[in-house]
Structure formats: C-alpha cells, structure tokens
Amino acid sequence: MPIVRAWMLRLLWILVALIGAFALSGVALHRAETISAMWIVVAAVCVYAIGYRFYSKWIATQVFVVDAQRATPAIRLNNGRDFIPTHRWIVFGHHFAAIAGPGPLIGPTLAAQFGYLPGTLWILVGAVLGGCVQDMTILFLSTRRNGRSLGQMARDELGPVGGYAAMMGTLIIMLILIAVLGLVVVNAMRHSPWATSTVFATIPIAVLIGIYLRNIRPGRVLEASLIGTTLLLLAVFGGSWVDSHPLIRAWFDFDSESLAGFVIGYGFIAAVLPVWMLLAPRDYLSTFLKLGTVLLLAIAVILMQPDIKMPALTQFIDGSGPVFGGALFPFLFITIACGAISGFHALVSSGTTPKLIGNEAEVRLIGYGGMMLESGVAIMAMIAATLLDPGVYFAINAGPGIVGATAEAAVTTITGWGFPVTAAQMHTLAHAMGESTLFGRTGGAPSLAVGMASIFSSAFGESMLALWYHFAIMFEAVFILTTVDAGTRVGRFMLQDFLSHVWKPLGETSSYPSILISSALVVAGWGYFLYIGVVDPNGGINILWPLFGIANQLLAGIALCVATGIFIKQGKARYAWVTAVPMLWLTIVTTTATWQKIMSSDPRVGFLAAADQLADKLASGALSAEQAAVAPQLIFNQRLDAVLTMLLTGILWIVIVDTGRVLCRLARKLPVLPSSEVPLSP
C-alpha cells in the first residue's frame, strides 16, 4: 500500500508539472489580441507548488539541515518585548505582512507598460529560484545567530571592511525603501476622504486587538481574528458614510504634505511601541485582509476568466515608456522588485521575524512560503493592471509632466501612442469609483485599485464599484503601512547596533532613551526622501522608484553574497550555487542599471541628465512660477540620487570583493573569522 501511494503521488506531481509547462508555454507563445487570465493563474499555481514541494524541501534538509529540537533565540532570549516565542501562523502573518509592502502590487503594475509577458515570467522564475531562497536562507542564518541583522552577520563572518560596508549600505537602502512605501500610500490617499478615514481606522483596531490578545483574552487568536476582520470591513463601509457627509468629509480630505506628516508620525509611534501592541496584531490582521483579497481575486478570475487587454509586448520596451524611463533590460528587473526578489525581505528575515520563531523547522514555511505567497500577490497585481484598457492604464499612471496637465492634452498624447482613450471615458470611470479624477494618479496604486474593483464588480456585483475601489485602496494602504512600521523598527535595530560603537548605551534595544533617539533619526532619514517624492511635479515615482528598485536589488545581492560566503566557510561549497547564481544575476542587473542611471544622456533615464535639463529650463525662465519654486530642490535631489546610486553599488562590490578575500584565505588554509553560529542548545 505505501508503494502504491508513493507512485500515485509521483504521478500527481508529474501531472502538475505537465499542466504548468503547458500553461506557461501558452502564456509565453500566445500572440493573439487577447489571452485569458486563467493561463497565467494556472501556470503560477503549478510553478509555486513544484518549487515549494521539492526545491524548498531540498534546501531545508540538505543545505540547511534544520533541527526542530534546537532552541531558537525567541526561546533562549525571551524578554517579552522583541524576543517572544510566537505561534507559527501569527509569525507567518507578521512576516508576510511585513515583507508584502507595495512592491508586489506597484512594481508589476508599473512594469505593465512593457506588456504582460516580461513581468509575468520574471515574477515566477525570480521568486522560485531567487526571492524565496533568499528569504528562507537569511531567516535560517539569522535564527542560528541570535536573530542578528544582516549587517551584523556580515561583520561577524567577513570582518570589519565588508561588515561595516554592508551595515552602512543596508541602513541607507532601508531609508530609501520606506520613503517610497510612504509615497505610494500618500498618492493613494491624497484628497480621498473615503480611503483616508478607512486607513486611519485600521490603527486603533490593531491596538485594540493587541490589548485583547495580551490582557483580555490571551491566546484566543480565532476570536481576535474574527473581531479584527469584522472591524476592518466595517471601516470600509464607514468610509462610504464619511465620504457622503459634507462636514465629516472635510476632516479627512488631506493634501500630500499633510498625509506625508501622518505617515512620518505613524512610523515613529509604531517603532517605539511594544511589538505586541501595534506591530504584531496589525500585521496579523492585515494578513487576513491580504490573503482574503488575493484569494477573492483568484476566485473572481476563475469565475469570470477575463481577457488580458494589454499586449504581450508594447513599443515601450525600447525605453521610451511614459510611466518610467528605461529599456526592458535592466529596468524590468529593478521595477518588479518585491514580487520576484527583494533585498528588503532580508532585513525583515534578519530583523523582527527570527526573534519570534519558536521552532527552527518553521523557517521553510515562513521564509520560502511567505515569499511565494507574496509572488502570488504580484501575479494577481499584474493581471489586475493588464485587464484595464491600455489607454485607461496610461491615463492613470502617466504624470502630467509626460502627457500634459489637462485631460484633453493627456487623451491626445495617449491616443497618439496607439492606445485610444477619451476624457468622457475617464470622467465616467472616476465617477463610478467615487473619485473626482483619475488622471495622473501616479504610483500604481490607483490603477491597480481600478483593475481590482473591475474584477470584483464583474464577479460579485457591479452596483458596488465604488465600494470595491476603496476596499482595494485600503487593501493596498494596509500592505504598505505594515511594511513602514516593520521597516522602521528594523531600521532602528540597525542604527542602534551602529551607534553602539559610538556610545554603548545607544545600542541597548530595551532602553527607552535609546529607542526614542534612534527611532527619531531613522524616521527623519526616510521622511526626507518622502518629502522629495511629495513635492515632485511628476508624482515622485519617476525620481524615486528607479532608486528604490536599484537599492532593493543591491541589498538582495549583498544578502546573497553574505549567505554564499557563510555556506562556503561552513564546508558547504557544493551547495553555494543556490545563493551564488541569483547573486551573480542581481550584480549584473544592478551594475548595468547604475551605469545607465548615471551616464545616460536621456533625461528620462539619467539622474544627472534630468538635473541638467531642469537647471537649463530654470536658467532660461522656461518654468512657471510654481515649477521654479521647487526646481532647485528637485535638481539637488536628482544629483543626490546619482551619488547614492553610485555609493550603494560601490558597497555591493566592496562586499563581493571582501567575501572573495575571505574565501581565498580559506582556500589557502589561512586564518579566517570563526563561524558566528550559536552552539546548539536543546
């Protein structure tokens, strides 16, 4: 009987592989005007199933050799604040919520300007062979090292040069990443009282659930989940009431600068409060919302089997795209960051998550499984974005500086590209979504919400289109804010470690003066970059998203390089290709992107070219008074972006060279730093 069962399982997996191969070939080779979204869904499910069942299990058992009997840092160092053994599904929820920021939603949406095919293929291949592997690997290595951060592990394993370079690089990259997350949520909530009131309501709901689980009904996770989910849904319906009430509506109608202040204040508060009060319950609750929404999207796609309207490839693969400048290679691979592979995940995997895991065997589920689920979110985002009429997609995502400041100018420009759209069509769509306008709502979040609302309304009721749209906005904003709070806390940990070398008390993670000082510094750092994006007349995405993508992939390269060095030091050189191959690819991509962002003479690609063009316009008086007022700041910011891009790429190469130095010494049997892995404790 066991033999029969084994053969049946083999046949099942062979069938899954064949179905996946057939669906994937259909997606890749189809060239008719439209293709059903079902092809993409089936291909993704099969690829993820095979990757998790076979590849992740092989890595966990053969490369890591996980030990379920080994005590984790959460057990050995339990302090009731940052180190707390937590139920695996709550940890999974926290980890998924923390890593699943706007990247898997916004990156694919922006990359849809190239067509549906390139982004879909990169999301699937990049996640299974790169992103999931990185997350699981860094989580495992950090768990074996008392939950130490990526920068700390680099310093302990490589030495001061590569270690401090990695620490400085990860901290700067963290600030940039959080700023872009904040910019996306600001653009989504700007002058939208419905969305703003709904997002505001999620904060007290999270605090209530945290208190409920800790003080009122400890351990009653199901009860808390039901209460929290119900309250979140009521917040969406309540937002409709707020939007329809003239007086109360004005209380939640904010411009970009005011919302940026809210996001900055929220980040500071979330970083200093105990993890049980806001971070963990918010992430856990948002996981229900995220998973439920993605599952609902998948069900709607299966029921409706809608056709993809965006071509497989557009004319913008040459780099002339209106959403962002740059050719398919390398800019596809830095635009779709979190959906395929994200360096930010390495910070979470070596930040809050390893301090919560109660069993080392859970690393596979939380690390590989969490990233696999995020990649699935990216696939659904790609589907939602490409279901829109291409003209509508570009009208929402192209900034006024590209298509024109008026609706008439925008529709003329976009129609001239071969994607017809009318001002009346956009006005009708905005009215149906409960918004005043959808032109120039850059950042990807509004267009994604329109796509999601269209899918939901087609499957579950067209009369609730505005409700679905604002539900989608809340869904995206919760994604983002959970990453903002987790990212700020991780940044605080990194800064405290760095400052401890200046004055030891500043490194005490349980000292409130140290917590307040380091949190304020981290928030001030990313708050500056958020302000850069807010005042940018093109919506901030053109200036910040390329920097975000390059920085994110550079950080992933640093993480994979450190992991490769650790595996070789531990005598596992035959397995080093698991992390070395994706590291090599990221190094090629990011170095090429950096070269183009610095040296390109195209102002839509090169940071310095854009700064010089704006400086010439300012000097010649070609700018309006409003544009001239912010031009000096934008010129400085473009040049600052250029310097930061060069600095961060240089840091990656320092880490690579220093890792090579250590491995050369190891090969020559010269002394190297000992492994920082904590001895086994049952």
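Whatever comes next refers back to the structure up there.
Residues numbered from 1 in each chain as written. Predicted model: local features only at pLDDT ≥ 70, side-chain atom pairs only at ≥ 80, totals over all residues. Heavy atoms only, no water.

### Some remarks on the overall build of the protein
As a reminder, the rule being used: Secondary structure follows DSSP: runs of H or I at least 4 residues long count as helices, runs of E at least 2 residues long count as strands, and numbering of each begins at the N terminus. Buried, partly exposed and exposed residues are distinguished by accessible area as a fraction of the type maximum, computed with a 1.4 Å probe on protein chains only: under 20%, between the cut-offs, and over 50%, respectively. Should any heavy atoms of two residues lie within 4.5 Å, those residues are considered in contact. Using a 1.4 Å probe, accessible areas were evaluated by the Shrake-Rupley method; residue-level cover was limited to the displayed protein chains.
The secondary structure content of the protein amounts to 27 helices and two strands. Dimensions of the protein, computed from C-alpha atoms along their principal axes, come out at roughly 70 × 70 × 55 Å. Considering the protein as a whole, with its 682 residues, one finds that 60% of them fall into the buried category. Considering only residue pairs separated by 6 or more positions, the protein has 83% of its internal contacts joining residues 24 or more positions apart. As presented, the protein carries roughly 24,600 Å² of accessible surface, and 69% of it is formed by carbon and sulfur atoms.

### As for the packing of aromatic side chains
Rules: Pairing of aromatic rings covers Phe, Tyr and the six-membered ring of Trp, with a centre-to-centre limit of 6.5 Å; geometry is then stacked below 30 degrees between planes, edge-to-face above 60, and tilted otherwise. In our convention, an over-ring charge means Lys NZ or Arg CZ found within 6 Å of a ring centre and within 35 degrees of that ring's normal.
Under the counting rule described, the total for this entry stands at 26 aromatic pairs. An aromatic cluster of at least three residues, connected via ring pairs, comprises F200, F252, F254, F262 and Y266. Directly above the aromatic system of F54 lies the positively charged group of R53, at a separation of 4.8 Å from the ring centroid.

### Some thoughts on a nonpolar patch on the surface
Basically, it comes down to this: A patch is a set of surface residues, each over 30% in relative accessible area and not in a salt bridge, joined within 9 Å for like charges and within 5 Å for the nonpolar side chains Val, Leu, Ile, Met, Phe, Trp and Tyr. Whenever Lys or Arg places a side-chain nitrogen within 4 Å of a carboxyl oxygen from Asp or Glu, that contact is recorded as a salt bridge.
Residues L295, I299, L303, M304 and F460 make up a contiguous nonpolar surface patch of about 450 Å² in total accessible area. Top element by residues in the nonpolar patch is helix α13 (residues 279-304). It accounts for four residues. Look at M304 and you get partly exposed, because its relative accessible area is 40%.

### Some words on the environment of A188
With respect to the element layout, A188 can be found in helix α8 (residues 160-189). Spatially, the C-alpha atom of A188 lies 9.9 Å from that of H470, the residues being 282 residues apart in sequence.

### A short note on the side chain of H95
Relative to the assigned elements, H95 resides in helix α4 (residues 88-99). A residue is classified by how much of its surface remains accessible, and H95, at 0% relative accessible area, is buried. H95 has contacts with D135, V348, S349, T353, I366 and G367, leaving out every residue within four places of it along the chain.

### Details of α8
Our working definition: Expected span of a helix: the number of residues minus one, times 1.5 Å.
An ideal rise of 1.5 Å per residue puts 44 Å on 30 residues; α8 measures up with 43 Å between its terminal C-alpha atoms. With 26 of 30 residues buried, α8 lies mostly within the body of the structure.

### Let's talk about the environment of D485
Within the fold, D485 resides in helix α22 (residues 465-499). What makes D485 buried here is its relative accessible area of 0%. Through-space distance from the C-alpha of D485 to that of A44 is 30 Å; in sequence the pair is 441 residues apart.

### Concerning helix α5 (residues 103-111)
Among the nine residues that make up α5, nine are buried, leaving the element largely enclosed by the rest of the structure. Among the residues of α5, G103, P104, L105, I106, G107, P108, T109, L110 and A111 are the ones counted as buried.

### What to know about the pattern of salt bridges
Tallied over the full model, the rule gives 11 salt bridges. In this structure, R145 engages E157 in a salt bridge whose closest nitrogen and oxygen atoms are separated by 3.2 Å. You can see R145 sitting in the loop between α6 (116-143) and α7 (150-158) and its partner E157 sitting in helix α7, a full 12 residues away along the chain. A relative accessible area of 1% means that R145 is categorised as buried. Classification of E157 by relative accessible area gives buried; the value is 2%. The partner of D156 in a salt bridge is R155, with the nearest N and O atoms 3.9 Å apart. Taking relative accessible area as the criterion, R155 reaches 13% and is therefore assigned buried.

Functional significance is not addressed by these values, which are geometric in nature.
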